[in-house]
Amino acid sequence: MKGNFDGTSRRVLAWTALAAALFGSALPVRAQGLEEPFREPYLKALQGKVVAYLPVAMSFDLAQGWLAGIKRELEPLGVKIVVRDPNWSTNAGAQALTNLISEKPDVIIAHNPDVQTYAKLLQKAESSGIDVVQINMRSSYPTTVFVGADWIEIGRKATTAVVDFCKGKSNKIAIIQGQLSAAASAYTLKGVEDVLARHSDIKVVSSQAADWDASKAKGITQTVLKQNPDLCGIVGFWDGMDIGTAAAIKEAGLTGKVFLATSGGGEQKGACDQVKNGSFDLDLSYDVPTQASNMAAMIKWLLVSGLKPGSAKASIYTTLIPITKDNAAAEGTCWTLSKG
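All figures in this text were calculated on a predicted structure; none of them were measured in a lab. (Residues numbered from 1 in each chain as written. Predicted model: local features only at pLDDT ≥ 70, side-chain atom pairs only at ≥ 80, totals over all residues. Heavy atoms only, no water.)

In this section: the sheet that holds strand β9 (residues 259–264). An order of β7-β6-β8-β9-β10-β12 is seen for the six strands of this open sheet, with the pairing classed as mixed. Two strands close off the open sheet at either side, each with one partner strand: β7 (203–209) and β12 (321–323). Recorded for the sheet is a direction-independent mean angle of 15° between the axes of neighbouring strands. Examined bridge by bridge, strand β6 (residues 172–177) and β7 share six bridges and lie parallel to one another. When the bridges of β7 are listed, isoleucine 173 appears paired with valine 204. Where helix α6 (residues 151–166) meets the sheet, its contacts fall on β6, β8 (233–236), β9 and β10 (282–285), and the angle it forms with β9 comes to roughly 165°. (Pairing = 2+ DSSP bridges. Helix = DSSP H or I, 4+ residues; strand = E, 2+ residues; numbered from the N terminus. Axes fitted to C-alpha atoms, helices over the stretch in contact; angles between N-to-C directions. Contact = heavy atoms within 4.5 Å.)

This part covers the packing of α6 against helix α7 (residues 183–196). Across the interface, α6 lies against α7 with an axial gap of 7 Å and an inter-helix angle of 45°. When the axis of α6 is compared with that of α7, the two are oblique. The element α6 and its partner α7 pack so that their crossing is right-handed. Contact residues: Trp151, Ile152, Ile154, Gly155, Arg156, Thr159, Thr160 and Val163 in α6; Ala183, Ala184, Tyr187, Thr188, Lys190, Gly191, Val192, Asp194, Val195 and Leu196 in α7. Across the contact of α6 with α7, the residue classes break down as 10 nonpolar, five polar and three charged. (Parallel < 35°, antiparallel > 145°, perpendicular 65-115°, else oblique. Left-handed = near helix turned anticlockwise from the far one by under 90°. Nonpolar A, V, L, I, M, F, W, Y, C, P; charged D, E, K, R; others polar.)

Moving on, we come to the sheet that holds strand β5 (residues 145–148). Taken together, six strands build an open sheet; the order of strands is β2-β1-β3-β4-β5-β11 and the sheet is parallel. Edge positions in the open sheet fall to β2 (80–83) and β11 (314–317), since each of these has one partner strand only. Sheet twist, expressed as the mean angle between neighbouring strand axes with direction ignored, is 20°. In this structure, strand β1 (residues 50–54) lies alongside β2, joined through four bridges in parallel fashion. Each bridged residue has a counterpart across the sheet, and for valine 50 the counterpart in β2 is lysine 80. Its contacts with the sheet place helix α5 (residues 119–127) against β3 (107–110) and β4 (131–135), and it is angled at close to 145° to β4.

With that settled, consider helix α10 (residues 268–276). Within α10 the residues assigned to the buried category are Gln268, Gly270, Ala271, Cys272, Gln274 and Val275. The N-cap of α10, judged by a side-chain oxygen 3.0 Å from the amide nitrogen of lysine 269 a few residues on, is glutamate 267. Glycine 278 lies just past α10 and shows a positive phi near 90°. (Buried < 20%, exposed > 50% of the residue type's maximum accessible area, 1.4 Å probe, protein only. Polar contact = N/O pair within 3.5 Å; in protein donor to acceptor, adjacent residues only side chain to side chain.)

Structure (structure tokens):
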């Protein structure tokens, strides 16, 4: 025992002597911390800044999810978030935007009700030195940043799914549009038309606007199904509206026989749960939490960079998540507001 201990001790001493010879005898117990030179300028550039948020309304999952996401990212950095809720009124939204320009926040996030109403006001905001981020529905005026869904791709994917389901069936489909003047509706329709142009056998028996209203969507669908009981598919333009579309299909006893494809922000109750219970066959999610994160990142960059508002133009299209029966029950496919 003693001999083994002495041998081990000699080896330790030998290694210690070698280390001292190679690295010097003054080995520090711990390294000294370094001040990160870019952190303070970053924090100072964000502290006290004001971001104004102008959705079309605060009463639905998209607007609530975006707000939760940007607050989570920006408020800990000392950024103040102010909200103006026009509650679906285009006139109230235009007035709120006019007032915000006078108040001069550092950034305005605008969710446009249509392509024209806010166009000149957004241009005025940037001319006044306010950065403008547009979310999901564009204006005809391109501001520095747009974050949102690729509506044409949504139209193509939704229509392709409906067409595939209708093969060997009646080939009759219907289209439930949103508000005709909204970018989300107009661009989605272009995607729908791109697919239908390659399928002359598909007959569109109805293409009507429900103005993002579930009750209108239900009424339109009820009428279409009475006139076309052999309808095989419907392309809907928003899941919040297509709750009404699905209700009409269910009341007619055609759930599973009429394929309903729609799109939305991917919220649990409005998307995954509706696919699981058979109301929707396909819900293309544009992933609200990711959109919020993208907006927050761009806002941070704009405020830190010192870039002149309007001097650059950029678009960030969020990656679509197709929600079907195969993944609707999987953790992480959808989000809930309590988890951001």
